[in-house]
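An overview of the molecular structure
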Amino acid sequence: MPTLIRSQRNLAVIFLLSLIILSCQKEVPPGAENNAGSSNKETAKVVQGPPTLVWWANAPAIPYSSELPNDVLESNNWPIGFAINGKGFVCGTQLWGDYSIVGIRDLWEYDAPTASWIKKAPFPGNPSDLIEAANFVIGDNAYIVTGNAAWKYNEPADSWAGVAFVPALTRRLATAFPINGKGYMGLGFVEDNGIHCVNDWWEYDPVANRWTQKSNFPGGKRAGAEGFAIDGMGYVVSGETDLNILNNKVWQYDPVADTWTRKADFPGTGRWNAVTGTATIGGHDFGLIIGGNGHVNGDDQAFDDSWEYNPITDTWGQVWGFAGGNLNRQAGFVLRYSAFVINTTVQTFNWSN
């Protein structure tokens with residue numbers, strides 16, 4: 001079992017009976033469940049058996065402050081989450097309070113042994129640059145792409161530096177992930193004679209400090225698509241088009257061949273801006289998608305569902321919905337056997353292994 005905070009141990013006891021029931025469930029065929037956006041937490045569906053025990057728990061909140069008297073914080077919009085060397089980080093970006101909206105450059109590190117947050121060197125750019133930014137991690141460094149500027153945070157030195165600009169249009173809500181020591185970033189929307197989505201794709205070489213354009217994404221122009229990488233392959237899931245149409249298409253990127261391959265559709269409701277990550281569950285590597293935003297019956301909606309993707313079988317499975325309510329503009333990262341979902345509160349999605 002992973003090291004968990006005290007509240008997680010307590011909550012695990014509460015869920016024990018449900019988890020025993022969960023461990024007896026059979027595999028659910030991909031696409032059989034399509035209840036994304038609902039609050040159904042009575043069952044948990046998995047990709048393959050035997051199912052791994054899962055539960056949600058609370059973790060300590062980041063001690064944010066707007067530095068205004070008597071201002072109660074309601075949310076932190078567009079924070080950025082990543083993990084380096086077994087440590088979790090949350091950066092920026094826009095605190096909403098009872099009577100304030102404050103941009104922040106804060107960088108906070110989660111210390112798992114003490115279940116506490118430690119303030120680190122702040123982002124050196126403008127807080128507004130972090131809104132709808134993309135990021136990936138290579139070795140000791142996290143790279144954050146803000147528009148077409150890129151920044152490097154070095155975890156051992158707790159320091160920031162600018163790196164090569166992306167020789168492309170300034171964008172927001174791009175998709176990014178690392179594969180084999182290089183970073184990949186693309187898609188998103190640009191404000192060039194109006195707002196429209198793009199489908200270009202770029203590779204960053206940290207040794208040469210150089211961006212190189214690769215094969216365009218063939219799934220159409222889209223923004224806010226979810227992305228993760230497993231076993232040397234990248235995956236782009238869902239996203240939103242210029243016409244505000246959300247899709248459930250999934251594409252796999254092979255960086256060696258620089259080619260794209262269509263994979264099994266995401267069985268949930270199409271979405272953008274979900275928390276994503278890669279996790280080892282039951283001895284297998286999975287992609288995780290938690291929450292996100294979309295449209296239901298013509299209205300904007302934040303979702304509270306959670307999904308696993310198995311690249312070996314090319315199948316999706318749904319797991320317990322988010323215990324903290326619908327997700328909206330959250331940050332996230334994975335540490336060992338827990339996925340952290342962070343806004344002004346912090347919840348963890350935990351599994352046995």
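Now for a look at the structure at hand. (Residues numbered from 1 in each chain as written. Predicted model: local features only at pLDDT ≥ 70, side-chain atom pairs only at ≥ 80, totals over all residues. Heavy atoms only, no water.)

1. Comments concerning the packing of aromatic side chains
Summed over all chains, the structure comprises 30 aromatic pairs. When the centroid spacing of 5.1 Å and the interplanar angle of 75° are considered together, the rings of Phe266 and Trp316 count as edge-to-face. Placement of Phe266 in the loop between strand E22 (259-263) and strand E23 (275-281) and of Trp316 in strand E28 (residues 315-319) is noted, with a sequence separation of 50 residues between them. According to the relative accessible area criterion, Phe266 is buried, its value standing at 0%. Where Phe333 meets Phe340, the ring centres are 4.9 Å apart and the plane angle is 25°; that geometry is what we call stacked. Judged by relative accessible area, which is 4%, Phe333 ranks as buried. Here the aromatic cluster, defined as three or more aromatic residues joined through ring pairs, consists of Phe177, Tyr184, Trp201, Phe217, Trp251, Tyr253 and Trp260. (Phe/Tyr/Trp six-rings, centres within 6.5 Å; stacked < 30°, edge-to-face > 60°. Helix = DSSP H or I, 4+ residues; strand = E, 2+ residues; numbered from the N terminus. Buried < 20%, exposed > 50% of the residue type's maximum accessible area, 1.4 Å probe, protein only.)

2. What about the pairing of strand E7 (residues 107-111)?
Along E7, five of the five residues are buried, which leaves the element largely enclosed by surrounding structure. Both faces of E7 are covered, namely the face carrying Leu107, Glu109 and Asp111 and the face carrying Trp108 and Tyr110. Where strand E4 (residues 87-91) lies against E7, four bridges are found, and the strand directions are antiparallel. Note on E7: the bridge partner recorded for Val90 is Trp108. Taken together, the five bridges between E7 and strand E8 (residues 116-120) define a ladder with antiparallel strand orientation. Bridging across to E8, Glu109 finds its partner in Ile118. (Pairing = 2+ DSSP bridges.)

3. Observations concerning the pairing of strand E19 (residues 226-230)
By the criterion of burial, E19 is predominantly enclosed, with five of the five residues buried. Of the two faces of E19, both are covered, the one formed by Glu226, Phe228 and Ile230 as well as the one formed by Gly227 and Ala229. Pairing geometry for E19 and strand E20 (residues 233-237), over five bridges, is antiparallel. Its bridge partner lying in E20, Gly227 is registered against Val236. Here E19 hands over to E20 after two residues, with Asp231 in that stretch at a positive phi of 50°.

4. Comments concerning the sheet that holds strand E10 (residues 141-146)
Taken together, four strands build an open sheet; the order of strands is E9-E10-E11-E12 and the sheet is antiparallel. If you trace the sheet from one side to the other, it starts and ends with strand E9 (134-138) and strand E12 (159-163), each paired once. Within this sheet the neighbouring strands show an average axis-to-axis angle of 25°, counted without direction. (Axes fitted to C-alpha atoms, helices over the stretch in contact; angles between N-to-C directions.)

5. Some remarks on the environment of Thr313
The residue Thr313 is located in the loop between strand E27 (306-310) and E28 in this model. The class for Thr313 is partly exposed, based on a relative accessible area of 40%. Expressed as a C-alpha distance, the spacing of Thr313 and Ala264, which sit 49 residues apart in the sequence, is 9.6 Å. There is a polar contact of 2.6 Å between the side chain of Thr313 and the side chain of Thr315. (Polar contact = N/O pair within 3.5 Å; in protein donor to acceptor, adjacent residues only side chain to side chain.)

6. Here we look at the nonpolar core
General note: in soluble globular proteins, nonpolar side chains tend to be found buried as a group. Membership of the largest hydrophobic core comes to 18 residues, with the highest contact counts inside it found for Trp56, Leu288, Ile290, Ala339, Val341, Phe349 and Trp351. In contact with Ala339, not counting residues within four places along its chain, are Leu288, Ile290, Phe333, Val334, Gln347, Thr348, Phe349 and Trp351. (Core = buried A, V, L, I, M, F, W, Y, C linked by side-chain atoms within 4.5 Å. Contact = heavy atoms within 4.5 Å.)

7. Here's the deal with unusual backbone geometry
Put simply, Gly92 and Thr93 share a cis peptide bond, and its omega is 0°. Note on placement: Thr93 falls in the loop between E4 and strand E5 (94-97). Although it is not a glycine, Glu132 adopts a positive phi angle of roughly 60°. Locating Glu132 in the fold gives a position in the loop between E8 and E9. Residue class for Glu132 comes out buried when judged on its relative accessible area of 16%. With a phi angle near 60°, Leu187 is a residue other than glycine that sits in the positive phi range. Its place among the elements puts Leu187 in the loop between strand E14 (182-186) and strand E15 (189-191).

8. Considering the sheet that holds strand E24 (residues 284-290)
Spatially, the four strands line up as an open sheet ordered E23-E24-E27-E28, and their pairing is antiparallel. Of all the strands in the sheet, the pair left with one neighbour each is E23 and E28. Neighbouring strand axes in the sheet, compared pairwise and without regard to direction, differ in orientation by 30° on average. Strand direction decides the pairing type here: E23 and E24, joined by seven bridges, are antiparallel. Across the sheet, residue Thr280 finds its bridge partner in E24, namely Asp285.

9. Details of the pattern of salt bridges
Close approach of charged atoms allows side chains of opposite charge to pair. One pass over the structure, following the stated rule, counts seven salt bridges. A salt bridge links Lys119 to Asp106, with the nearest nitrogen and oxygen atoms 3.9 Å apart. In this pair, Lys119 sits in strand E8 while Asp106 sits in the loop between strand E6 (101-103) and E7, placing the two residues 13 residues apart along the sequence. Residue classification places Asp106 among the buried residues on the basis of a relative accessible area of 15%. (Salt bridge = Lys/Arg side-chain N within 4 Å of Asp/Glu carboxyl O.)

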